[in-house]
Amino acid sequence: MQRENIADSGRKYRLYPTPHQAERLREWGHTCRAVWNVALEQRTYVYRQRGRTLRADEQCRFLTQARHDLEWIGDLPSQAPQQVLRHLDRAFDNFWNPEHPAEFPRFKKRTACVVIPLPGQAVRVTKLNRRWACVRIPKLGEVRFRLTRSLGGLIKNASIRVDGAGRWCIAFGVRVGRPEAPPNGQPCVGVDFGVKQSAYLSDETAPRLMRRTLTDGEKRRLAGLERRRERQIKQAKRHQGGRYSNRLKRTLRAIAELKARQARRRLDFTHKLTTDLAKSHGLVAIEDLRVKQMTRSAKGTQDAPGVRVSQKSGLNRAILDNMPGERRRQLAYKCPASGSVLVVVPPAGTSQTCGVCRVWDPASRVSRDTFVCTSCGHTDDADHNASVVILDRALHIDTLPQDIAVNSTQRQPLVGGPWLAPMRARVNP
C-alpha cells in the first residue's frame, strides 16, 4: 500500500445522532460484530480442513451473496462489512508477524464495544459553523458532531463507536502530510512508570502523580450500585426467567457512566503526561514492560491453587489503572511528531541497580520507596533511582541517532547485571 493512501493522523469528535439514528447505528454495530465472528470462523474452518488461508478479497464474494439472502446484513452499508474483513486481514498479518505482539484473532462478544468502520470515500463532512459540523453516512443521512478541532487533511477512513454510557463518537483517520519534525534539541530523560507513583522522571525531584480517577463519594456510589446490581440480577433469575427489568437497566447504565468518567480522567492524564514528555525532551527512555505477563492472575488451577490471590488482583488493577501500554503507544507516535526519540530498554534489574556507581545488588532495594546502594552508600527514592538507570541504559545503546545530543560525562562504565545479555542481543542481533 502506498504511503499516500495511509492516514498519518487521527481526529476524534463527539457524535450526536438522533434516537432513531442511534438505534440503527447500534444494530449496525452488532451486525459488524457478527460479520467478524462468521468470517473468523470460516477462515479457521477452511484452514483446518483444507490448509488454505482465506483473505478479504475471496470472502467479499460470499459477503455479496449473504447481503442478498439476509436482510439484516443487507441493511448495513456495503462498505462497512468490507472494512471489517480488511481489519481481519490486518489482525492475521499482525499475528503472523514474529515482531508483533498480537495474538490469534478472537471472537467478539455481544458486550464488546460497538464499532462501525467505514472507508473515507463513504463519508462526507460538511462544516455548519465554528463549533458544529455534520457527517453524511450511507443509508443514515446527516449526523451532527461537535467540531472541536479542524480535520486538517484528507479523510482516509472513519470509525463510529459508543461507550458504556451511551456516548457516541466518530474518529477520522486523515492524511495530513506532515513533514518529519527536526530534532528539538531538548535534554534526555528517563521515565519509570510505577504503581504508587504514576511516573518519576530522572531530571525531577518529585514524582508525577495521577489524581484519583474516582472521588470517595463516587467510589461509595459505585460500590452501592454494584451491590444493587447483584441483588437485581439474582431477583431477575429467580422470578423473571433472567430477563432484565427497567430498574436493572438503569443500574447498569449508572455503573457504566461512572466507569466511563473514570476512563476519561485516566486517559486525560495519560495524554497530558505523554505530550509533555515528547515536547520537553529530545530523548525519552522507558522500560520494555510486558504488561500482560505482569498482570497475569495468581489464582492458579484447581490442583495447584495460587496464594495471595486478592493482593495480586489489587496489584493488577493498580498496574492497569496507570496504563503503561497506552503510554508507550502514545509516546511512539508523539515523539517523532515532536522531534524527540523514544528508546525502550530492558527492564530487568532497573530497581536494583545504583544510579551512581552502576552496581547491581538486590539488597540495595531495602523497601518499596527507598534505595540504599550497598557499594557506594548512595541513597535515593527507589523510583527516581530506577529512572536514572533507565536513562543510563538508553544512552549506552549504540544505535542512537547521531543528532541526539548526549552528554558524554553521563556515559559511565556499566557494571554487570542480569540485563546486559538481552540488551546486547537487542542492540547487536
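Whatever comes next refers back to the structure up there.
Residues numbered from 1 in each chain as written. Predicted model: local features only at pLDDT ≥ 70, side-chain atom pairs only at ≥ 80, totals over all residues. Heavy atoms only, no water.

A. Summary view of the packing of aromatic side chains. Under the criterion given, the structure shown has seven aromatic pairs. Each ring, one from Tyr-13 and one from Phe-145, has its centre 5.1 Å from the other, and the planes form 45°; the classification is tilted. Of this pair, Tyr-13 sits in strand E1 (residues 9-16) while Phe-145 sits in strand E5 (residues 141-146), and the two are 132 residues apart along the sequence. One exposure class covers both Tyr-13 and Phe-145, and it is buried. (Phe/Tyr/Trp six-rings, centres within 6.5 Å; stacked < 30°, edge-to-face > 60°. Helix = DSSP H or I, 4+ residues; strand = E, 2+ residues; numbered from the N terminus. Buried < 20%, exposed > 50% of the residue type's maximum accessible area, 1.4 Å probe, protein only.)

B. Quick look at the layout of surface pockets. Computed from the structure, the second largest pocket encloses a volume of approximately 1,000 Å³. Residue lining of the second largest pocket: 23 residues in total, with His-100, Pro-101, Ala-102, Lys-292 and Gly-325 positioned closest to the centre. Counting residues per element, the ones that place at least two in the lining of the second largest pocket are strand E10 (283-287), helix H7 (291-294) and helix H9 (324-337). Considering each element in turn, the lining of the second largest pocket owes the most residues, five residues, to H9. In the lining of the second largest pocket, the residues fall into eight nonpolar, four polar and 11 charged. (1 Å grid on protein atoms, 1.4 Å probe; cavity = no way out; pocket = protein on both sides within 12 Å on 5 of 7 lines; lining within 4 Å. Points joined across faces, edges and corners; volume = space filled by probe spheres on them. Nonpolar A, V, L, I, M, F, W, Y, C, P; charged D, E, K, R; others polar.)

C. Representation of the sheet that holds strand E3 (residues 124-127) in the model. Pairing in this open sheet of seven strands is antiparallel, and the strands run E2-E6-E7-E1-E5-E4-E3 from one edge to the other. Two strands bound the open sheet, and with one partner strand each, they are strand E2 (114-119) and E3. When the angles between neighbouring strand axes are averaged without regard to direction, this sheet yields 30°. In the sheet, E2 pairs with strand E6 (residues 154-162) via six bridges, with the strands oriented antiparallel. Within E6, the position partnered with Leu-118 by the bridge is Ala-158. Most of the contacts of helix H1 (residues 19-50) go to E2, to which it runs at about 85°, and overall it touches E1, E2, strand E4 (132-137), E5, E6 and strand E7 (168-175). (Pairing = 2+ DSSP bridges. Axes fitted to C-alpha atoms, helices over the stretch in contact; angles between N-to-C directions. Contact = heavy atoms within 4.5 Å.)

D. Focus on the packing of helix H5 (residues 216-239) against helix H6 (residues 246-280). At a minimum axis distance of 9 Å, the contact between H5 and H6 shows a crossing angle of 145°. The hand of the H5/H6 crossing is left-handed. Taking contact as the criterion, the partners of Glu-218, Arg-221, Leu-222, Leu-225, Glu-226, Arg-228, Arg-229, Gln-232 and Ile-233 in H5 are, on H6, Arg-247, Leu-248, Thr-251, Leu-252, Ala-254, Ile-255, Leu-258, Lys-259, Arg-261 and Arg-265. Per-class residue counts for the contact of H5 with H6 are eight nonpolar, two polar and nine charged. (Left-handed = near helix turned anticlockwise from the far one by under 90°.)

E. Fine view of unusual backbone geometry. Positive phi outside glycine occurs at Lys-139, with the angle close to 65°. Residue position: Lys-139 is located in the loop between E4 and E5. Accessibility expressed as a relative area gives 43% for Lys-139, which makes it partly exposed. Even without being glycine, Met-323 reaches a positive phi, approximately 55°. We classify Met-323 as buried; its relative accessible area is 18%.

F. Main features of the nonpolar core. With 41 residues, the main nonpolar core has Leu-15, Val-135, Phe-145, Ile-160 and Phe-172 as its most contacted residues. In terms of residue count, H1 provides more of this core than any other element does, eight residues in total. Those residues in contact with Val-135, other than ones at most four positions away along the chain, are Leu-15, Val-123, Arg-124, Val-125, Gly-141, Glu-142, Val-143, Phe-145, Ile-170 and Phe-172. The next biggest cluster of nonpolar side chains, apart from the first, holds 15 residues, and it includes Leu-273, Val-284, Ile-286 and Val-344. (Core = buried A, V, L, I, M, F, W, Y, C linked by side-chain atoms within 4.5 Å.)

Remember that the coordinates give geometry; whether it matters functionally is a separate question.
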